Amino acid sequence: ACRCCFTRPDSNITSTVALFPGQVTTGLAGRSLVSGAQRLSFKALFAISLAGGAFGAILLLATPAAAFAKLVPWLVLFATAMFAWGSFARRPSSTVPLGPIPAGVIQFLIAIYGGYFGGGIGFLMLSALTVAGLPVRSAGATKNVLAGVMNASAVAIFVFSPEVHWLNALVLGAGSILGGLGGAWMLKRVPEFPLKLLVVAIGV
């Protein structure tokens, strides 16, 4: 599920609430693969994502998110290109992984965007984590947990908003749980090379 089509604040807020149960179940299903990046622990990524998600949620309540709808395809294209380059083009022996400070700054900016709008958030994080040195399975599982973390702070703010459409949220939430569990199952069982091809194909 994704928020690429949502431009009205109430749709975006409802979508954030609806996707959260799926992110929690997906994160729990793949928790054995979760890892920190190079010299940047998972606890640090957790705290960065929580803070950025809360900041983004507060921004959404104060400003319209419509402008991001036009940027989403380009963000996804950029993240997909970065992931494809990191997976198939660059030579590991000659490439230094992203350092802890740049990786932390990038994750904080992604978390703000996640709490504010979030369309294509998975591709952005997957790209950043693989460039930071994580293998694709660990990057996928870690980004699932971090997506739930940054949305947790947003949901804690949005749940009290009158703009949440609860019936829609419940229906979408059920779908996000089923889809997330299916994705977690694939992450553990599909061989890495076709898994990378699948990520790129979906991104394109």
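Residues numbered from 1 in each chain as written. Predicted model: local features only at pLDDT ≥ 70, side-chain atom pairs only at ≥ 80, totals over all residues. Heavy atoms only, no water.

## Details of the overall build of the protein chain
In step 1: In terms of helices and strands, the protein chain carries 8 helices and 0 strands.
In step 2: The N-to-C order of helical and strand elements in the protein chain reads α-α-α-α-α-α-α-α.
In step 3: Rg of the C-alpha trace for the protein chain: 16 Å, near the compact-globule value of 17 Å for 204 residues, within the 12% margin.
In step 4: The proportion of buried residues among the 204 residues of the protein chain is 46%.
In step 5: Within the protein chain, contacts between residues separated by at least 24 positions form 84% of all contacts whose residues are at least 6 apart in sequence.
In step 6: Split by element, the accessible area of the protein chain, about 10000 Å² in all, is 74% carbon and sulfur. (Helix = DSSP H or I, 4+ residues; strand = E, 2+ residues; numbered from the N terminus. Rg over C-alpha atoms; globule rule 2.2 N^0.38 Å. Buried < 20%, exposed > 50% of the residue type's maximum accessible area, 1.4 Å probe, protein only. Contact = heavy atoms within 4.5 Å. Areas by Shrake-Rupley, 256 points an atom, 1.4 Å probe, with all protein chains shown as cover.)

## A closer look at the side chain of N151
In step 1: On the secondary structure map, N151 appears in helix 6 (residues 136–158).
In step 2: Among the polar contacts made by the side chain of N151, one reaches the side chain of Q23 at a distance of 2.9 Å. (Polar contact = N/O pair within 3.5 Å; in protein donor to acceptor, adjacent residues only side chain to side chain.)

## Here we look at helix 4 (residues 100–116)
In step 1: In this model helix 4 runs 24 Å from its N-terminal to its C-terminal C-alpha over 17 residues, within 8% of the 24 Å that 1.5 Å per residue would give.
In step 2: Buried within helix 4 are the following residues: A103, G104, Q107, I110, A111, I112, Y113, G114, G115 and Y116. (Expected span 1.5 Å × (residues − 1).)

## Section: the packing of helix 5 (residues 121–131) against helix 6
In step 1: Following both chains from N to C, one finds helix 5 and helix 6 inclined at 130°, their axes separated by 9 Å at the closest point. Taken together, helix 5 and helix 6 sit at an angle that is classed as oblique. Handedness of the crossing formed by helix 5 with helix 6: right-handed. Mapping the contact onto sequence places I121, G122, M125, L126, L129 and T130 in helix 5 and V136, A139, G140, T142, K143, L146, A147 and M150 in helix 6. (Axes fitted to C-alpha atoms, helices over the stretch in contact; angles between N-to-C directions. Parallel < 35°, antiparallel > 145°, perpendicular 65-115°, else oblique. Left-handed = near helix turned anticlockwise from the far one by under 90°.)

## Considerations on the nonpolar core
In step 1: Among the nonpolar cores identified, the biggest contains 42 residues, and F83, I110, Y113, F117, I121, M125 and F158 are the most heavily contacted of them.
In step 2: Counting residues per element, the ones that place at least two in this core are helix 1 (9–29), helix 2 (42–62), helix 3 (66–89), helix 4, helix 5, helix 6, helix 7 (166–189) and helix 8 (192–203). (Core = buried A, V, L, I, M, F, W, Y, C linked by side-chain atoms within 4.5 Å.)

## Considerations on a nonpolar patch on the surface
In step 1: A contiguous nonpolar patch, built from I101, V105, F108 and L109 and spanning about 390 Å² of accessible area, is present on the exposed surface.
In step 2: With respect to the secondary-structure elements, V105 resides in helix 4.
In step 3: Overall, the relative accessible area of 44% leaves V105 in the partly exposed class. (Patch = residues over 30% accessible without salt bridge, like charges linked within 9 Å, V, L, I, M, F, W, Y side chains within 5 Å. Salt bridge = Lys/Arg side-chain N within 4 Å of Asp/Glu carboxyl O.)

## Thoughts on the side chain of S49
In step 1: Mapped onto the elements of the fold, S49 is located in helix 2.
In step 2: In this structure the side chain of S49 is engaged in a polar contact, spanning 2.9 Å, whose partner is the side chain of Q107.
In step 3: Apart from residues lying up to four places away in sequence, S49 is in contact with Q107, A111, L146, V149 and M150.

## Concerning helix 7
In step 1: Its 24 residues place the ends of helix 7 35 Å apart at the C-alpha level, agreeing with the 34 Å of an ideal helix rising 1.5 Å per residue.
In step 2: Residues of helix 7 that are buried include every one of A169, G173, S176, G180, A184 and L187, and no others.

## Remarks on the environment of F78
In step 1: You can see F78 is positioned in helix 3.
In step 2: Put simply, F78 and A29 are 49 residues apart on the chain and 28 Å apart in space, counted from C-alpha to C-alpha.

## As for the confidence of the model for the protein chain
In step 1: Taken over all residues, the pLDDT of the protein chain has a mean of 82, while the share at 70 or more is 90%.
In step 2: Here helix 3 stands out as the element of the protein chain with the lowest mean pLDDT, 78, in contrast to helix 7, whose mean of 89 is the highest.
In step 3: Between residues 1–7, whose pLDDT stays under 50, and residues either more than four places distant or in other chains, the model counts 21 contacts. (pLDDT = per-residue confidence, 0-100.)

## Some points on the packing of helix 4 against helix 5
In step 1: Running from N to C, helix 4 and helix 5 cross one another at 175°; their axes reach a closest spacing of 10 Å. With respect to their mutual orientation, helix 4 and helix 5 come out roughly antiparallel. Here I106, Q107, I110, Y113 and G114 of helix 4 come into contact with helix 5, specifically with I121, L124, M125 and A128.

## Notes on the environment of G179
In step 1: Assignment of secondary structure puts G179 in helix 7.
In step 2: Residue classification places G179 among the partly exposed residues on the basis of a relative accessible area of 47%.

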